[in-house]
Amino acid sequence: MFVLVAGGGKVGSNVARSLLANGHEVVLVEQDRHRHDVLERELGHGAVYGDATELFVLEAAGIKRPPDIVVALTGDDEDNIVICQLARERYGVAKAVARVNDPRNQPHFDLLGISPTVSAVEMVMALVEHEVPEHELVHLLALKKENLEIVEVEIGAGAVADGRRVEDLHLPEGARLISVMRNGAAEIAVGATKLERGDQVLAIIEPGREEHLRQLLCSTRRREKR
Amino acid sequence: MKALVIGCGRVGSTLARALDAEGWEVSVVDEDEEALERIGSWRQQFVLGHGMDSTVLERAGIADADAVVVATDGDNTNAVIAQVAKERYEVDRVVVRILDPARADFYTGKGLDVVSPTRSAIDELRRRVVAERAEA
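Residues numbered from 1 in each chain as written. Chains lettered and ligands numbered in written order. Predicted model: local features only at pLDDT ≥ 70, side-chain atom pairs only at ≥ 80, totals over all residues.

**Observations concerning the overall build of chain A**
Selection rule: Runs of H or I in DSSP of at least four residues are treated as helices and runs of E of at least two as strands, each being numbered from the N terminus. Every radius of gyration here is taken over C-alpha atoms, with the globule rule written as 2.2 Å times N^0.38, N being the number of residues. Here contacts are defined at the residue level, using C-beta atoms placed from the backbone and a cut-off of 7 Å between them.
Looking only at helices and strands, chain A features 8 helices and 11 strands. A compact globule built from 226 residues would reach a C-alpha radius of gyration of about 17 Å, whereas chain A, at 25 Å, exceeds it by more than 25%. Each principal axis of the C-alpha atoms in chain A carries an extent, and together these give about 70 × 30 × 30 Å. Intrachain contacts of chain A at a sequence separation of at least 6 include 56% that bridge at least 24 residues.

**Regarding the overall build of chain B**
So the rule is basically this: To assign burial, the other C-beta atoms lying within 10 Å of each residue's own C-beta are counted, with C-beta atoms placed from the backbone; 20 or more indicates buried, 12 or fewer indicates exposed, and intermediate counts indicate partly exposed.
Broken down by element type, chain B carries 6 helices and 6 strands. Across chain B, helices and strands are ordered from the amino to the carboxyl terminus as β-α-β-α-β-α-β-α-β-α-β-α. When its C-alpha atoms are laid out on the principal axes, chain B stretches across 55 × 35 × 25 Å. Split into buried and exposed, the 136 residues of chain B put 40% on the buried side. In chain B, of all internal contacts separated by at least 6 residues, the share reaching a separation of at least 24 is 43%.

**Section: the pairing of strand E2 (residues 25-30) of chain B**
Residue and element names in this part refer to chain B. Note the threshold: Whether two strands pair comes down to DSSP finding at least two bridges between them. For a crossover, the right-handed case is the one in which the path from the first strand over the helix to the second runs clockwise, viewed with the strands pointing away from the viewer.
Taken across its 6 residues, E2 has 5 buried, putting it largely inside the fold. Where strand E1 (residues 2-6) and E2 come together, 5 bridges link them in parallel fashion. In the strand pairing of E2, Ala-3 is matched with Val-26. Once the chain exits E1 it traverses helix H1 (residues 10-21) before rejoining the sheet at E2, and the crossover so formed is right-handed. Across 4 bridges, the pairing between E2 and strand E3 (residues 45-48) is parallel.

**Things to note about the nonpolar core**
Worth spelling out the cut-off: Structurally, a nonpolar core is described as a collection of buried Ala, Val, Leu, Ile, Met, Phe, Trp, Tyr and Cys residues joined by way of C-beta atoms within 7 Å.
By size, the foremost hydrophobic cluster in this structure holds 72 residues, and its most contacted members are Val-5, Ala-6, Leu-28 and Val-70 of chain A together with Val-5 and Val-68 of chain B. With sequence-adjacent residues up to four places away left out, Ala-6 of chain A is seen in contact with Val-29, Ala-52, Val-70, Val-71, Ala-72, Leu-73, Thr-74 and Ile-83 of chain A. Core analysis: the next-biggest nonpolar cluster, separate from the first, contains 15 residues, Ile-155, Ala-161, Val-201 and Ile-205 of chain A among them.

**Quick look at the domain arrangement of chain A**
You'll often see interface size given as the accessible area lost when the parts meet. Just so we agree on the cut-off: Reported domain spans reflect what an automatic or database domain assignment gives.
The domain boundaries assigned to chain A delineate domain 1 (2-120) and domain 2 (132-225). For domain 1 of chain A and domain 2 of chain A, the distance between their C-alpha centroids amounts to 45 Å.

**Concerning the sheet that holds E3 of chain B**
Residues and elements named next belong to chain B. For clarity, the cut-off: Interaxial angle, 0 to 180 degrees, is taken between N-to-C directions of lines fitted to C-alpha atoms, where a helix line uses only the stretch in contact.
Ordered in space as E3-E2-E1-E4-E5-E6, the 6 strands form an open sheet in which the pairing is parallel. What marks the edges here is a single partner per strand, and that holds for E3 and strand E6 (113-115). Each strand axis lies, on average, 20° off the axis of its neighbour in the sheet, ignoring direction. Bridge analysis of strand E4 (residues 67-70) against strand E5 (residues 93-97) gives 4 bridges, and the strand direction is parallel. Looking at the pairing, Val-68 lines up with Val-94 of E5.

**Overview of the interface of chain B and chain A**
The interface is formed by 16 residues belonging to chain B together with 15 residues belonging to chain A. Contributing elements (two or more residues each) for the side of chain B that touches chain A: helix H4 (75-87) and helix H5 (101-109) of chain B. Broken down by element, the side of chain B that touches chain A gets its largest block of residues, 7 residues, from H4 of chain B.

**Observations concerning the sheet that holds strand E8 (residues 148-154) of chain A**
All names here are of chain A. Spatially, 5 strands are ordered E7-E8-E11-E9-E10 in an open sheet, and the strand pairing comes out antiparallel. Of all the strands in the sheet, the pair left with one neighbour each is strand E7 (137-143) and strand E10 (185-188). Taken pair by pair, the neighbouring strands of this sheet meet at an average axis angle of 20°, ignoring direction. Bridging between strand E9 (residues 175-182) and E10 involves 4 bridges; their strand directions are antiparallel. From the neighbouring strand, Ser-179 faces E10, where its bridge partner is Ile-188. Set on the sheet, helix H7 (residues 210-217) makes contact with E7, E8, E9 and strand E11 (200-205); between it and E11 the angle comes to about 150°.

**Quick word on helix H4 (residues 77-90) of chain A**
All names here are of chain A. How we decide: Helix span, as expected, comes to 1.5 Å for every residue beyond the first.
With 14 residues, H4 ought to run about 20 Å at 1.5 Å a step, and its terminal C-alpha atoms sit 19 Å apart, in line with that. Of all 14 residues in H4, 11 are buried, a share of seventy percent or more. Among the residues of H4, Asp-77, Glu-78, Asp-79, Asn-80, Ile-81, Val-82, Ile-83, Cys-84, Gln-85, Leu-86 and Ala-87 are the ones counted as buried. Of the residues one or two after H4, Gly-92 is the one with positive phi, at around 70°.

**Details of the confidence of the model for chain A**
Our working definition: Looking at any residue, its pLDDT shows the predictor's confidence there, from 0 to 100.
Looking at chain A, pLDDT values average 90 and 93% of them are 70 or higher. In the predicted structure, residues 222-226 of chain A sits below a pLDDT of 50 and forms 2 contacts with residues beyond four places in sequence or in another chain.

**Considering H4 of chain B**
With 13 residues, H4 of chain B should reach 18 Å at 1.5 Å per residue; the first-to-last C-alpha distance of 18 Å fits that figure. When you tally the buried positions in H4 of chain B, you get 12 out of 13 residues, the bulk of the element. Within H4 of chain B, the full set of buried residues consists of Asp-75, Asn-76, Thr-77, Asn-78, Ala-79, Val-80, Ile-81, Ala-82, Gln-83, Val-84, Ala-85 and Lys-86 of chain B. Those residues of H4 of chain B that are buried are in contact with H4 and helix H5 (106-111) of chain A together with E1, E4, E5 and H5 of chain B.

Take a look at the structure:
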């Protein structure tokens, strides 16, 4: 396919390289003269000099053909928005992907229908929240005298518990489920209660049972990736 | 009547003063504090920040503004802020400066009220050249 990439920084140039390696046709637009010249040595005619929010620059890059997709990866969110609007509405490009540099600008992309978007900050945050166990299992209450804890866990997609009944989970000694909340309604967890992804489960556990509970209730994706 | 003037350069600052003189409540937004010096003695609101930042727009009172003038030094910044003012905050009157005639045409076509000084200059220069030829 034919891809127009706007912005030849680290992100843009590597996206262009990867696309070329996969056999696609790529034109990369870069507005910094020096940076463009460096890229031109590598990409030849695939590197176009200019501001990708200027119509004549987009046209020199072949936007009238039109490309199968335009990828707006400059370091300026307003530029990425304008590039996508021009590509789609002025030149009839079917697909446009935009990079969000400042996550506070995400609502502007959404408001103007620029989708899909990619935000490095949001991706890192999603990974951090996924990797850090505290985010999967919330300690709600420590019963000091009893040496027990009440925790809240969300049943993850692909978790052992997803689609299983509580009695089939073979919960370890020192861990019992209290209740299951689904669609805003809670019920007491009994042996026959069937668990589903997205359920908010309250459990009572002895300290140190967190990891075992997590293995049963949380998504397995985290462990598979290691 | 209340207006937000986003971008306090030559155009924004002069316009803010003019609206102020006509009795408007005017709130000026610019990311550079020194921009305020352009207006001289300014008794009305000045909000330091970027017009792309919704919290800045809200502090400047966009929610109850009758008009928004977008005149920062960036065409793309102006185009985006104007669309946000119009579509998110539903301001009745949004006028935006876009220097590049090509983008000015595009956003006019999308329903923005665009002023393009470059386009105006081209048209005026052309008109005078043609007029002088007619006189000669």
